[in-house]
Amino acid sequence: MKRKILLQLDCDPAASVFDAVVAIDADVDQLLQYQDVEPTRVRELIHGAMFTRGPDDLKSTAIFIGGSDVSSGENLLEAVQRCFFGPMRVSVMLDANGANTTAAAAVLAARKHLELKGATAAVLGGTGPVGQRVARLLAAEGAQVRITSRALEHAQAACAAIGQHVDQALLSAHSAGQPAQTAEAITDCQIVIAAGAAGVELISSGLRKAANKLRIAIDLNAVPPAGIEGIEVMDRGVERDGVLCYGAIGVGGTKMKIHKAAIRHLFTANNLVLDAPEIYELGKQLG
Ligand SMILES: NC(=O)c1ccc[n+]([C@@H]2O[C@H](COP(=O)([O-])OP(=O)(O)OC[C@H]3O[C@@H](n4cnc5c(N)ncnc54)[C@H](OP(=O)(O)O)[C@@H]3O)[C@@H](O)[C@H]2O)c1
């Protein structure tokens, strides 16, 4: 097999060191980093990757799309795929801002303890890139998913966007601008996943304790204060008041394993597109 080359495409002024370290830890032989990448620049970069090795060796070249802005990453993914034709393609993974690997790890944490099909789950701050992916993965598993936002129309827009990807998704939009609205949104939920912005508390411990059907609470915010009061950032299946709790770093171990496994998987074929659902499926296989 040829040496494994990974092109790291990043929309930020400096390509992510985090993503580079993970790539090297996932046994990439040569990392080529490109920063400030815009969709208009993608074609020349991808042609360089596609036309240098024969078709049989294309699986030894792959692309990782990172950067802090998830919607820019999505645009780059579209631009990359537009360059491919016939067998002339290389595998590509999107994990801008860690959104796909984080969402996959969060849903896998819940799945470890509860059958997701038929469960009721609330995704707090579910309008952001991580929350939307969490909601999408839960919906695809057959859970009833409540997406909360400070603005109902944002939650409705997120439901509509996810509904385009998941057949028969059971999604509902909820306002959570006030604690009483959040309390109503999580009533009867077995799972709550907080995916709000860093450093924002979305739910007090009082609200959490009042949700008497709650079995699993996952907080993805690592920046104090916690998104769910009372959950510690290192929690990994810690029982608190009868609820199994995960904090951001508690979920992070699985996230890192998924990220490395996905990079390694890129080099098994030349036609893989690893976005949220594919990355989640890989995470499932890790057990
Ligand atoms: N562990 C990891 O490796 C990892 C990786 C990536 C992200 N994360 C964490 O995952 C969480 C979600 O990430 P993200 O990028 O999706 O987040 P984000 O886009 O910054 O925020 C998510 C949602 O939070 C809500 N929000 C923003 N400011 C708020 C405020 N002051 N009060 C209440 N709600 C507010 C917004 O929803 P509305 O405007 O609709 O209310 C927003 O859509 C973050 O805490 C992030 O740090 C962790």
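Note that this is a predicted model, so its numbers are computed, not measured.

**Some points on the sheet that holds strand E4 (residues 91-94)**
Within the open sheet, the five strands sit side by side as E2-E1-E3-E4-E12. Their pairing is parallel. A single partner strand is all that each edge strand has here, and the edge strands are strand E2 (30-34) and strand E12 (273-274). Here strand E1 (residues 5-10) runs beside strand E3 (residues 61-66); their pairing, made up of six bridges, is parallel. Of the residues in E3, the one forming a bridge with Asp10 is Gly66.

**Re the site of the ligand**
By nearness alone, 25 residues border the ligand, and Gly125, Gly128, Val130, Ser149 and Ala197 come closest of all. Elements with a minimum of two residues in the shell around the ligand: helix H4 (99-111), helix H5 (129-140) and helix H9 (248-266). Residues that form the shell around the ligand fall into these classes: eleven nonpolar, twelve polar and two charged. In this structure, the shell around the ligand is formed jointly by two domains, domain 1 (5-98 + 254-286) and domain 2 (102-251), each of which donates at least three residues.

**Some thoughts on the environment of Ala105**
Here Ala105 lies in helix H4. For Ala105, a count of 27 C-beta atoms within 10 Å translates into the label buried. For Ala105 and Ile191, which are 86 residues apart along the polypeptide, the C-alpha to C-alpha distance reads 14 Å. Sequence-distant contacts of Ala105, defined by excluding residues within four places in its chain, comprise Val251, Thr254, Lys255, Ile258 and Gly283.

Criteria and cut-off values
- Residues numbered from 1 in each chain as written.
- Predicted model: local features only at pLDDT ≥ 70, side-chain atom pairs only at ≥ 80, totals over all residues.
- Pairing = 2+ DSSP bridges.
- Helix = DSSP H or I, 4+ residues; strand = E, 2+ residues; numbered from the N terminus.
- Near = placed C-beta within 6 Å.
- Nonpolar A, V, L, I, M, F, W, Y, C, P; charged D, E, K, R; others polar.
- Domains from an automatic or database assignment.
- Buried ≥ 20, exposed ≤ 12 C-beta atoms within 10 Å, placed from the backbone.
- Contact = placed C-beta atoms within 7 Å.

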